[in-house]
Amino acid sequence: MRKRISIPGIVSAVILAAVAIAMIVGSFVTGAATKQSIMDALLTPGSSGHLLGTDALGRDIGLLAIAGAMSAVLGPVAIALGSMVLGIAFGGMAGYFGHGVDGFIGRIADLLFSLPVLLIAIVVAGIFDAGYWMTVLLLVVLFSPSDIRIIRSGVLEQVNLPYVEAAEMLSIPHWRILFFHVIPNVWNLILTNLLLNTSVALVTLSSLSYLGVGVRPGSADWGRQIADGRTIIFDNPAAVLVPSILIVAVAMSLNLMGDWVSSRNELRGIQ
């Protein structure tokens, strides 16, 4: 049976590859992107060598978008990875050991899950004057309850299967069974949720940056770029449209990749 080529999947992969390249290149152009020149302020796209024009501070919008890729994407990736590590650790233990362990971890997860992520992040960041990575760390904790629940459900499907019973009969330590036998069998679930979480984290962190949380004024970041460009939207719409389109495109690409991974796993299960 010939496999169908997924056009959305290919487009998503190309977009994500382009963003990865922008993150590498952006580290070399950050100085030029954040350099202010009042004499070049509010230039229209295509004028004086500025393909997308400049903002109110004379910064090149195109370079600023490239330089902002690192801040906009690296944080969400760290959030998704960090929350997934917590999800694997605590969700795995809850699903494998059950009983009191499951109840204790479940209540903590329910408590964290009930908290409004954006509001808590704004309040905590305001009180402690949290920087970028402190905000990322906070979001790791706030994102972890969903991962804990998902990994728990995946582990619960595995614990009663014959291979787990066989491993226990061989007196293999429980932690080894969990992390070296059970968790690898829910890897597809982990990867799918990791992609979806990165997408949600991208939008969340960009929203916080727009509100001035985590990212310092003048930094190269897509959310901050939208905040800085909203006052000049009629002078140069690209100042807002470019970072907005990038956020939407990357978030959609991550979602489509997650759906593609999930559908591939379902097809394998059917076959």
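Residues numbered from 1 in each chain as written. Predicted model: local features only at pLDDT ≥ 70, side-chain atom pairs only at ≥ 80, totals over all residues. Heavy atoms only, no water.

Trainee: Sorry if this is basic, but what is going on with the side chain of N193 here?
Mentor: Mapped onto the elements, N193 comes out in helix 8 (residues 187–210). Look past the residues within four positions of N193 in its chain and what remains in contact with it is M84, D147 and I150. (Helix = DSSP H or I, 4+ residues; strand = E, 2+ residues; numbered from the N terminus. Contact = heavy atoms within 4.5 Å.)

Trainee: What exactly am I supposed to notice about a nonpolar patch on the surface here?
Mentor: Nonpolar side chains collect at one region of the surface, where I21, I24, V25, F28 and I66 lie side by side and expose about 510 Å² of accessible area between them. With four residues, the single largest contributor to the nonpolar patch is helix 1 (residues 7–33). (Patch = residues over 30% accessible without salt bridge, like charges linked within 9 Å, V, L, I, M, F, W, Y side chains within 5 Å. Areas by Shrake-Rupley, 256 points an atom, 1.4 Å probe, with all protein chains shown as cover. Salt bridge = Lys/Arg side-chain N within 4 Å of Asp/Glu carboxyl O.)

Trainee: Would you mind going over the environment of V186 with me for this structure?
Mentor: Along the chain, the position of V186 falls in the loop between helix 7 (174–182) and helix 8. Sequence separation of V186 and G154 is 32 residues, and the distance between their C-alpha atoms is 6.1 Å.

Trainee: Explain helix 9 (residues 222–229) to me, please; I cannot follow it from the model alone.
Mentor: Each turn of an α-helix holds 3.6 residues, which means side chains three or four residues apart point in the same direction. Taking burial as the measure, the eight residues of helix 9 include seven buried ones, the bulk of the element. Listed as buried for helix 9 are W222, G223, R224, Q225, I226, A227 and G229. The backbone nitrogen of G223 has a side-chain oxygen 2.9 Å away, supplied by the residue at the start of helix 9, namely D221. (Buried < 20%, exposed > 50% of the residue type's maximum accessible area, 1.4 Å probe, protein only. Polar contact = N/O pair within 3.5 Å; in protein donor to acceptor, adjacent residues only side chain to side chain.)

Trainee: For this particular structure, what's the right way to read the pattern of salt bridges?
Mentor: Close approach of charged atoms allows side chains of opposite charge to pair. One pass over the structure, following the stated rule, counts six salt bridges. Put simply, D102 and R152 hold a salt bridge, and the shortest N to O gap is 2.7 Å. Remark: R152 occurs in helix 5 (residues 132–158) and D102 occurs in helix 3 (residues 99–113); sequence separation between them is 50 residues. The exposure class assigned to D102 is buried, which follows from its relative accessible area of 16%. Residues participating in the shared-partner salt-bridge network are D55, R59, R224 and D228.

Trainee: Sorry, what's going on with the nonpolar core here?
Mentor: In globular proteins that are soluble, nonpolar side chains generally tend to be buried together. Core analysis: the largest hydrophobic core is formed by 23 residues, its most contacted members being V19, V73, L202, W222 and V250. Elements with a contribution of two residues or more to this core: helix 1, helix 2 (61–97), helix 8, helix 9 and helix 10 (238–270). It is helix 10 that contributes the most residues to this core, ten residues altogether. (Core = buried A, V, L, I, M, F, W, Y, C linked by side-chain atoms within 4.5 Å.)

Trainee: It is not clear to me how the packing of helix 5 against helix 8 should be interpreted in this structure. Could you clarify?
Mentor: Two packed helices can be described by the angle between their axes and the distance between those axes. Remark: helix 5 packs on helix 8, axes separated minimally by 11 Å, with the N-to-C direction vectors making an angle of 150°. The angle between the axes of helix 5 and helix 8 places the two elements in the roughly antiparallel class. Where helix 5 crosses over helix 8, the two elements pack in a sense that is right-handed. Contact residues: helix 5 offers Y132, T135, V136, L139, F143, S146, D147, I150, I151 and G154, while helix 8 offers L189, I190, N193, N197, V200, A201, T204, L205 and L208. Of the residues belonging to the contact of helix 5 with helix 8, the class tally is twelve nonpolar, six polar and one charged. (Axes fitted to C-alpha atoms, helices over the stretch in contact; angles between N-to-C directions. Parallel < 35°, antiparallel > 145°, perpendicular 65-115°, else oblique. Left-handed = near helix turned anticlockwise from the far one by under 90°. Nonpolar A, V, L, I, M, F, W, Y, C, P; charged D, E, K, R; others polar.)

Trainee: How do you make sense of the environment of W260 when you look at a structure like this?
Mentor: Mapping W260 onto the fold places it in helix 10. Taking the C-alpha atoms as reference points, W260 and G49, separated by 211 residues in sequence, lie 40 Å from one another.

Trainee: I'm lost on helix 1 in this one. Help?
Mentor: With 27 residues, helix 1 should cover 39 Å at 1.5 Å per step; its first-to-last C-alpha distance of 34 Å lies more than 12% under that length. Roughly 55° is the biggest bend found in helix 1, and it falls at S27. Buried within helix 1 we find G9, S12, V19, A22, M23, G26, V29 and A33. (Expected span 1.5 Å × (residues − 1). Bend = angle between axes of the 7 residues up to and from the residue.)

Keep in mind that these numbers describe shape and distance, not what the molecule does.
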